[in-house]
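Observations on the three-dimensional arrangement
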Amino acid sequence: MRRALRAIARREAGAFLRSAVSPVAAVAFLLLTGISFINILLEYDALSRSALSSGQSLREGFTLAAGVVQPLVSGMVLFLMFVMPAITMRLFAEEYRSGRYGLVMTYPVSEPTWILGKFAAAWLLGLMLLAAACASLLVLTSLAVPDVGGLAAALVGLALAAAMMAAWGVFFSTLQPYQIVSYILSFAFLTLLFTAGNLEPYLPDALAPLASRLSLPEHFARFARGAVDVRDVLYFLAWTALGLSAGTAALAGRRREIGSAA
């Protein structure tokens, strides 16, 4: 199983890197992250200079981590919402469209192995984008001693968010043979999680806490602040496991459908 999983992950990662989508997704993510970083850094610098020129100190708690790192990593999660569906949309949809899935189905590889292999490829690609984008944080070492613990917590949160997005992207790719539909479904699902917390004031008292618990930004916010909470870790792990389970079930259903038709 391990050999098959590695082979699937290697093949899918290589196929994406050779595709036309790869440079577009990478440039878009890095450009958005870079522009966001520059804007945040300039705003922080302007606020610092204003406070120094007026003889005042920055308000309590407004450190480099709070003024630069937190908004930057929060923006990265938002940018991932656009890029991860582009990475995952082709994983199964392309095989359905090209007709290769009929051949793939004959391989002695189980559905969980296919799902995990393609998930590992998508997650690895997402981590590579995050690693490239986080290189900009090295600039902060020239301004102040970084909070290593807080930065590590933010990176853990980004990795967990990328895993959750990859898992659900794989699931939506198993549903049908059109990549653009897979992208839209995945993006719509992630948008729902991003905006769930905004519905809290408009829901009945019994449902309002549910909206807050489903909110992705609310669970990521503590990672961005440098805190690792078990509830937030479980949130991302549970959604990841649910997405992988749904993808496995969908793939098994398609295999049974094709087998019965034959």
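Fair warning: this is a prediction, and the values are worked out from it, not measured in the lab.

What counts and how
Residues numbered from 1 in each chain as written. Predicted model: local features only at pLDDT ≥ 70, side-chain atom pairs only at ≥ 80, totals over all residues. Heavy atoms only, no water. pLDDT = per-residue confidence, 0-100. Helix = DSSP H or I, 4+ residues; strand = E, 2+ residues; numbered from the N terminus. Axes fitted to C-alpha atoms, helices over the stretch in contact; angles between N-to-C directions. Parallel < 35°, antiparallel > 145°, perpendicular 65-115°, else oblique. Left-handed = near helix turned anticlockwise from the far one by under 90°. Contact = heavy atoms within 4.5 Å. Nonpolar A, V, L, I, M, F, W, Y, C, P; charged D, E, K, R; others polar. Patch = residues over 30% accessible without salt bridge, like charges linked within 9 Å, V, L, I, M, F, W, Y side chains within 5 Å. Areas by Shrake-Rupley, 256 points an atom, 1.4 Å probe, with all protein chains shown as cover. Salt bridge = Lys/Arg side-chain N within 4 Å of Asp/Glu carboxyl O. Lys, Arg positive; Asp, Glu negative; His and termini not counted. Charge placed at Lys NZ, Arg CZ, Asp CG, Glu CD. Phe/Tyr/Trp six-rings, centres within 6.5 Å; stacked < 30°, edge-to-face > 60°. Buried < 20%, exposed > 50% of the residue type's maximum accessible area, 1.4 Å probe, protein only. Lys NZ or Arg CZ within 6 Å of the ring centre and 35° of its normal.

**Thoughts on the confidence of the model for the protein**
- For the protein, mean pLDDT is 84; residues scoring 70 or higher make up 89% of the total.
- Put simply, helix α5 (residues 101-104) is where the protein has its lowest mean pLDDT, 67, and helix α8 (residues 179-195) is where it has its highest, 93.

**Quick word on the packing of helix α3 (residues 64-88) against α8**
- Running from N to C, α3 and α8 cross one another at 160 degrees; their axes reach a closest spacing of 8 Å. Looking at the two axes, α3 sits roughly antiparallel to α8. Between α3 and α8 the crossing geometry is right-handed. Contacts from Val 77, Leu 78, Met 81, Phe 82, Pro 85 and Ala 86 in α3 reach Tyr 183, Ser 186, Phe 187, Leu 190, Thr 191 and Phe 194 in α8.
- Residue composition of the contact of α3 with α8, grouped by class: 10 nonpolar, two polar and no charged.

**Observations concerning a positive patch on the surface**
- Together, Arg 2, Arg 3, Arg 6 and Arg 10 make up a positively charged patch on the protein surface.
- Relative to the helices and strands, Arg 2 resides in helix α1 (residues 2-18).

**Some thoughts on the packing of aromatic side chains**
- Evaluation of the coordinates by the stated rule reveals 15 aromatic pairs.
- On the numbers, 5.0 Å between centres and 45 degrees between planes, the contact of Phe 82 with Phe 187 is tilted. In this pair, Phe 82 is assigned in helix α3 and Phe 187 in helix α8, connecting sequence segments 105 residues apart.
- Since its relative accessible area comes to 39%, Phe 82 is described here as partly exposed.
- Taken together, Trp 168, Phe 171, Phe 172, Phe 189, Phe 220, Phe 223, Tyr 235, Phe 236 and Trp 239 form an aromatic cluster joined through their ring pairs.
- Note that Lys 118 overlies the ring of Phe 92, its terminal NZ or CZ placed 4.7 Å from the centroid.

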